[in-house]
Amino acid sequence: MRYGPLIFVGIFLTLASSWCGLVLMPQIQLGRQQAVKIEETGEIYPTPRSGLAQQGFEIYRANGCIYCHSQQVRPEGFGADILRNWGQRRTVARDYLYDKPVMLGTMRTGPDLTNIGLRQTSAAWHLLHLYNPRIVSKGSIMPPFPFLFEKKKIGSRLSPDALKLPPEFALEPGYEIVPRPEARALVQYLLSLKANAPLPEAK
Amino acid sequence: MNESPQSVLRVLSPADTEDGMQQRALLSEIDTSCRTPVMLLFGFSLVWLLIGTAFALVTSFKMHAPDFLGSTAWLTFGRVRPAHLNSVVYGFASQAGIGVALWLMCRLCRTPLILGWIINLTVVFWNLGVAIGIVGILAGDSTGLEWLEIPPYATPMLFVGFALFALWGIITFRYRRESHLYISQFYLLAALFWFPWLYTAAQILIVMDPVRGVVQAAVNWWFAHNVLGLWITPIGLAAIYYFIPKVLGRPVHSYYLSMLGFWSLALFYNWNGMHHLVGGPLPAWLITVSIVASAMMTIPVVTVGINHHLTMWGNFHRLKDSPVLRFMVFGGMSYTFTSLHGVLLALRSVSEVTHFTHSTIAHAHQGMYAFFAMVMFGSIYYIVPRLLQVEWPSARLIRLHFWACAIGITIYVFVLGFGGVMQGLAMNNPDVPFLDPVKPSVVTLTIPYLKIRSHSGILIAIGHLAFAVNFVWILIRWIKAGRKPQTTTPVSSV
């Protein structure tokens, strides 16, 4: 038993050290970060997401989009993120102030989505792409999300928001595909994704 | 503490000494006392292994056949993938690890299992927690944090289950009858203490009351890397340190190297996590510290590697007749290899290419599977016949298990690891399109590697089925043997 307590002190102190260094220190450095006023535009950045986009954020989380899409732009000269037009600038801590959870991602089976709201501004494109990515993006290996849509019998006339499917993806006659609220929310979230405010620390 | 080689030998192979019979009787008493809880833990971990393997195959197929099982929300890629991770990490690996740790603890402390009901409760809470967690993830309640996806309504059960086990470990350690501390006990004690701390801190700081912004990412990777480094790895190393000398009947090569290996792991491993955030929106000092600590990992890894290698020295021919040794040595070598590979991947210039690619996935499987799972399989093959006093029914199935999994995971790691590097080089070259149906692109170039990965996955699944058949078979034999009048059959050295 002589060495028992000594071992305990050792294993306590080792983990305590990294807890202080990797958890406590970042919390002290960044834990109270606030939104700032952007000088060029006079706007406050960042702002919390709108209600619908926030619902979309939850759809993004629930369906594990993070496992293929990152949301971080690496600095110029480190990788080709900026050359690939995934962002005009690197992302910094302040870009993520309101994310719970923060979904930076560790994988890019698909492209980075930090600025997808700037790159692809068409909601109709996003809806088709979510319903079946191969409609608008040949060769894509992204999974389809038909469960965010509803297959309906066409009533007296086509619903205004029915997807315009190309012939090779067409349904049997008399049916249409309309987005469920989840799909709309997710698209709203994707359109809201932009980290282009000229923050001083990102220059 | 100052064990001479002779005393270690006596602890490990009691039958070689004059009081061998008494020692043998004690071991038998310990094994009998461990039977129910350890068999429950192994049985449930096997169930989770099979479930996790099924999730793995679905996940893997979806990467090159995206429409496969694509129409149901519960089976979409982004839910099945975390279901795979959580069922194999918490359901299989952790549970098998608890079982092995339990048995090692009793054997090394020379005490029959006390307070077995605590462990039975652990089994109930842990499995309930994992099961509810996995269903929750499939239902869309994932927290969205890697390695912590299990929704908050299931995590308290996991916590209670583990806390009970840790409590049991400390009580057993306190009432141990053997005053010598063997290196495996250092690792076990540390793992028992580290995991609850990590888990609680992570749950409080990023699930219950999330800290602000990217600080969550720091806590997330501090936790996720340490699950591997401070929970999975110590259990695996404790098992290798026990079983290689045990099977060979000779002491560990160097006591001092084993101490150096343990304390340097304790010192450096827990600082590693931020290398998952290289290039990310966190302070540069934070990431640099982790890269330095990752490089320092060379010390414990090389130390442990040399120690195991020199223990094996001159005995490699024993690999032919001992499947346990085969699993252990494969696991031990994978540990050395995966850790040195990890050091390389943490470097900024390498990470620039391999981060965000399948290389990371290959590396994770090398650690979790080629090292840890293989060591667990070897341990289970050693322990179960001693608990049940029945031989494994089929040596052929054990061979099939070993070779299918060893070949499968080797193909997996090399092919996917290489594919990831190709993917990363293409991704960092802005002239290569990200996706193009005709021209070579980042996405399309990975597909052949992903297909080969699926095939290696099938091979691994075959190995798991062989394991499952043998496991059920030995249980049937044990039940049948219980009905017949007891004949004392010696347990062979598997």
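Residues numbered from 1 in each chain as written. Chains lettered and ligands numbered in written order. Predicted model: local features only at pLDDT ≥ 70, side-chain atom pairs only at ≥ 80, totals over all residues.

## Here's the deal with the overall build of chain A
Okay, step 1: When you go through chain A residue by residue, the secondary structure sums to five helices and four strands.
Okay, step 2: What you see in chain A, going N to C, is helices and strands ordered as α-β-β-α-α-α-β-β-α.
Okay, step 3: By principal-axis analysis of the C-alpha atoms, chain A measures approximately 80 × 55 × 35 Å.
Okay, step 4: For chain A, buried positions account for 41% of its 203 residues. (Helix = DSSP H or I, 4+ residues; strand = E, 2+ residues; numbered from the N terminus. Buried ≥ 20, exposed ≤ 12 C-beta atoms within 10 Å, placed from the backbone.)

## Describing the overall build of chain B
Okay, step 1: What chain B contains, in helices and strands, is 15 helices and zero strands.
Okay, step 2: The C-alpha atoms of chain B give a radius of gyration of 22 Å, which matches the 23 Å a tight globule of 494 residues would have.
Okay, step 3: In terms of its C-alpha atoms, chain B occupies a principal-axis envelope of roughly 75 × 45 × 45 Å.
Okay, step 4: Counting all 494 residues of chain B, 55% fall into the buried class.
Okay, step 5: Considering only contacts in chain B between residues 6 or more positions apart, those separated by 24 or more positions represent 82%. (Rg over C-alpha atoms; globule rule 2.2 N^0.38 Å. Contact = placed C-beta atoms within 7 Å.)

## Some words on the interface of chain A and chain B
Okay, step 1: Facing the 61 residues of chain A at the interface are 73 residues of chain B.
Okay, step 2: When contributions to the side of chain A that touches chain B are tallied by element, the ones reaching two or more residues are helix H1 (4–30) and helix H2 (51–62) of chain A.
Okay, step 3: Looking at the side of chain A that touches chain B element by element, the count peaks at 15 residues for H1 of chain A.
Okay, step 4: Here the residues of the side of chain A that touches chain B are counted per class, giving 34 nonpolar, 19 polar and eight charged. (Nonpolar A, V, L, I, M, F, W, Y, C, P; charged D, E, K, R; others polar.)

## Thoughts on unusual backbone geometry
Okay, step 1: Of note, the amide linkage connecting Tyr45 of chain A to Pro46 of chain A takes the cis form, showing an omega dihedral of -10 degrees.
Okay, step 2: Relative to the helices and strands, Pro46 of chain A is located in the loop between strand E2 (44–45) and H2.
Okay, step 3: Along the chain, Lys100 of chain A connects to Pro101 of chain A via a cis peptide bond; the corresponding omega equals 0 degrees.
Okay, step 4: Tracing the backbone through its elements, the reader meets Pro101 of chain A in the loop between H2 and helix H3 (116–119).
Okay, step 5: Phi is positive for Arg110 of chain B, which is not a glycine, with a value near 55 degrees.

## Considering the nonpolar core
Okay, step 1: Core analysis: the biggest nonpolar cluster contains 198 residues, and Leu186 of chain A together with Ala93, Leu104, Ala191, Ala218, Val219 and Ala238 of chain B have the highest contact counts within it.
Okay, step 2: Apart from residues lying up to four places away in sequence, Ala218 of chain B is in contact with Leu22, Val23 and Pro26 of chain A together with Met274, Leu282 and Leu286 of chain B. (Core = buried A, V, L, I, M, F, W, Y, C linked by C-beta atoms within 7 Å.)

## Points about the packing of helix H6 (residues 183–208) of chain B against helix H8 (residues 255–268) of chain B
Residues and elements named next belong to chain B.
Okay, step 1: With their axes 10 Å apart at the nearest point, H6 and H8 run at an angle of 15 degrees to one another. Comparing the axis directions of H6 and H8 gives the class roughly parallel. Remark: the crossing between H6 and H8 carries right-handed chirality. Taken together, the residues of H8 that come into contact with H6 (itself represented by Ile183, Phe186, Tyr187 and Ala190) are Ser258, Phe262 and Ala266. (Axes fitted to C-alpha atoms, helices over the stretch in contact; angles between N-to-C directions. Parallel < 35°, antiparallel > 145°, perpendicular 65-115°, else oblique. Left-handed = near helix turned anticlockwise from the far one by under 90°.)

## Observations regarding helix H3 (residues 77–109) of chain B
Residue and element names in this part refer to chain B.
Okay, step 1: Compared with an ideal rise of 1.5 Å per residue, which puts 33 residues at 48 Å, H3 spans 45 Å between its outermost C-alpha atoms and is within 8% of the ideal.
Okay, step 2: Of all the bends in H3, the greatest measures close to 30 degrees and is centred on Ser94.
Okay, step 3: When you tally the buried positions in H3, you get 33 out of 33 residues, the bulk of the element.
Okay, step 4: Directly after H3, the chain includes Arg110, whose backbone phi takes a positive value near 55 degrees. (Expected span 1.5 Å × (residues − 1). Bend = angle between axes of the 7 residues up to and from the residue.)

## Section: the environment of Leu397 of chain B
Residue and element names in this part refer to chain B.
Okay, step 1: As for its position among the elements, Leu397 is in helix H14 (residues 395–427).
Okay, step 2: On the neighbour-count criterion, Leu397 (19 C-beta atoms within 10 Å) is partly exposed.
Okay, step 3: Separated by 69 residues in sequence, Leu397 and Ala466 have C-alpha atoms that sit 5.4 Å apart.
Okay, step 4: In this structure Leu397 touches Ala466, Val469 and Asn470, once residues within four positions along its chain are discounted.

## Notes on the environment of Val353 of chain B
Residue and element names in this part refer to chain B.
Okay, step 1: As for its placement among the helices and strands, Val353 is situated in helix H12 (residues 348–354).
Okay, step 2: On a C-alpha basis, the gap between Val353 and Gln423 in space is 8.3 Å, while along the polypeptide they are 70 residues apart.
Okay, step 3: Those residues in contact with Val353 that lie beyond four places of it in its chain are Val421, Gly424, Leu425 and Asn428.

## Notes on the confidence of the model for chain B
Residues and elements named next belong to chain B.
Okay, step 1: Model confidence for chain B is summarised by a mean pLDDT of 91, while 94% of its residues fall at 70 or above.
Okay, step 2: When the elements of chain B are averaged for pLDDT, helix H1 (residues 5–12) gives the smallest value, 49, and H14 the largest, 97.
Okay, step 3: In the model, residues 1–9 has pLDDT below 50 throughout and makes eleven contacts with residues more than four positions away in sequence or in other chains.
Okay, step 4: Note on residues 485–493: pLDDT under 50 across the span, and six contacts to partners over four residues away in sequence or across chains. (pLDDT = per-residue confidence, 0-100.)

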